[in-house]
Amino acid sequence: MNHKHRLHSVVCALVVALAPALALGQQYEKIDDPIRPRLSPSPFVLGAYGFIWAAVLVYVVFVAKGLARVRGELDSLRTKVDREGKKPTA
Amino acid sequence: MSAGRPSDFRLVAGAAVAALGFLGIPFLIAATPIEPVMGIVQKIFYFHVPCAYLLFLSTFVCAGASIAYLFKGSEGGDRLALCSAELGVLFGLCVLVTGPLWARVAWGVYWQWDARLTSALLLWLMLVGYLLARRYGGPAAKRLAAGLALFAAVDAPLVYVSVNVWRTIHPNTSVITQSVPEMKLAVRLAALLFLVLWGVLLALRLRLERARAALGELELACEDALEGP
């Protein structure tokens, strides 16, 4: 091994020995919320609550309309039966 | 069903409580402390969690009523299963909309394909499948849908424990027990009010199903009566 090779070996050994020390010596800087911009939460909260209101309201209207239609059909059927002068058993 | 019957009174009283509760919930939520990490958006918790409870409740009621229909042939059970499946779809939709709105602010994305979110979506799709089977399933639709309801009931506990079993981005089930007393009280009150609302909607929807059944019976009776002996 000549002088040049010895020097390379020493430099490599030093790099390997110092690398963990350099890594340990790194200081991490705390960054708050680096990527996404801050969203205003109020529209999301109001939107979520509003959606529940709207969904329940639509459902109630759907059921109430169905109930009104079926009751109308029941009444017209009863009227028809009464007009015919015969009483159904149900 | 004439007006003034005790069942009408109960329905009106329940509807009044539910409406007042819905009006009061924002004040209740406003009175709770602001969560230090997520801030205001955490308030979605007070109606997201009750909706999830009602999704589970609807699924279990649907499955129990389907069992009554499958093994005892109970038509009342079948009607209850159909109505609770509809409510499961309604409150499941509320969960699947309010959750992503919360996630957009808290996580930076609307949706993640993690265990909790995916299993909840599957549960909701099963209930939608139940309704589609009932509507388009032909003569065997009721039995087919009842079987599907049993699968949904198996999935519901998996949705609940998914956050404890798998690694997910969603908070785990201990989030309520670990929260401060004011938050705990608020979420329980909100859950109670949502439960009243669920009961009122179920009673209303059952009326429609009973009226449809009565109409069907009357039509048959009319045909017999008008044709004569």
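Calculation criteria
Residues numbered from 1 in each chain as written. Chains lettered and ligands numbered in written order. Predicted model: local features only at pLDDT ≥ 70, side-chain atom pairs only at ≥ 80, totals over all residues. Heavy atoms only, no water. Salt bridge = Lys/Arg side-chain N within 4 Å of Asp/Glu carboxyl O. Helix = DSSP H or I, 4+ residues; strand = E, 2+ residues; numbered from the N terminus. Buried < 20%, exposed > 50% of the residue type's maximum accessible area, 1.4 Å probe, protein only. Contact = heavy atoms within 4.5 Å. Buried area = accessible area lost by both parts, 1.4 Å probe. Nonpolar A, V, L, I, M, F, W, Y, C, P; charged D, E, K, R; others polar. Core = buried A, V, L, I, M, F, W, Y, C linked by side-chain atoms within 4.5 Å. pLDDT = per-residue confidence, 0-100.

**Considerations on the pattern of salt bridges**
Residues and elements named next belong to chain B.
- This model, assessed by the stated rule, comprises 6 salt bridges over all chains.
- Close ionic contact of R212 with E209 constitutes a salt bridge, the shortest N to O distance being 3.1 Å. In this pair, R212 and E209 both sit in helix α6 (residues 181-227), 3 residues apart, roughly one turn of the helix.
- The exposure class assigned to E209 is buried, which follows from its relative accessible area of 11%.
- Through salt bridges that share partners, E75, D78, R134 and K142 make up one connected network.

**Brief notes about the interface of chain B and chain A**
- Listed by partner, the interface residues are 44 residues for chain B and 33 residues for chain A.
- Buried surface at the junction of chain B and chain A, both sides included, amounts to about 3500 Å², of which 82% is carbon and sulfur.
- For the pair chain B and chain A, the number of links is 0 salt bridges.
- The set of elements that each furnish at least two residues to the side of chain B that touches chain A consists of α1 (6-30), α2 (45-72), α3 (75-106) and α6 of chain B.
- Looking at the side of chain B that touches chain A residue by residue, the classes come out as 34 nonpolar, 2 polar and 8 charged.

**A short note on the environment of B:F194**
- Residue placement: B:F194 occurs in helix α6.
- Residues B:F194 and B:L204, 10 residues apart in the sequence, show an inter-C-alpha distance of 15 Å.

**A closer look at the nonpolar core**
- In this structure, A:I52, B:I44, B:F47, B:L87, B:F91, B:F194 and B:L201 are the most contacted members of the largest nonpolar core, which totals 54 residues.
- Contributions of two or more residues to this core are made by α2 (42-84) of chain A together with α1, α2, α3 and α6 of chain B.
- Sort the elements by how many residues they give to this core and α6(B) lands first, with 16 residues.
- Setting aside chain neighbours within four positions, we find B:L201 in contact with A:V56, A:Y59, A:V60, B:L87, B:L90 and B:F91.

**Notes on the confidence of the model for chain B**
- In the predicted model, chain B carries a mean pLDDT of 87, and the fraction of residues at 70 or more is 96%.
- Across the assembled chains, the prediction reports ipTM 0.87 with pTM 0.81.

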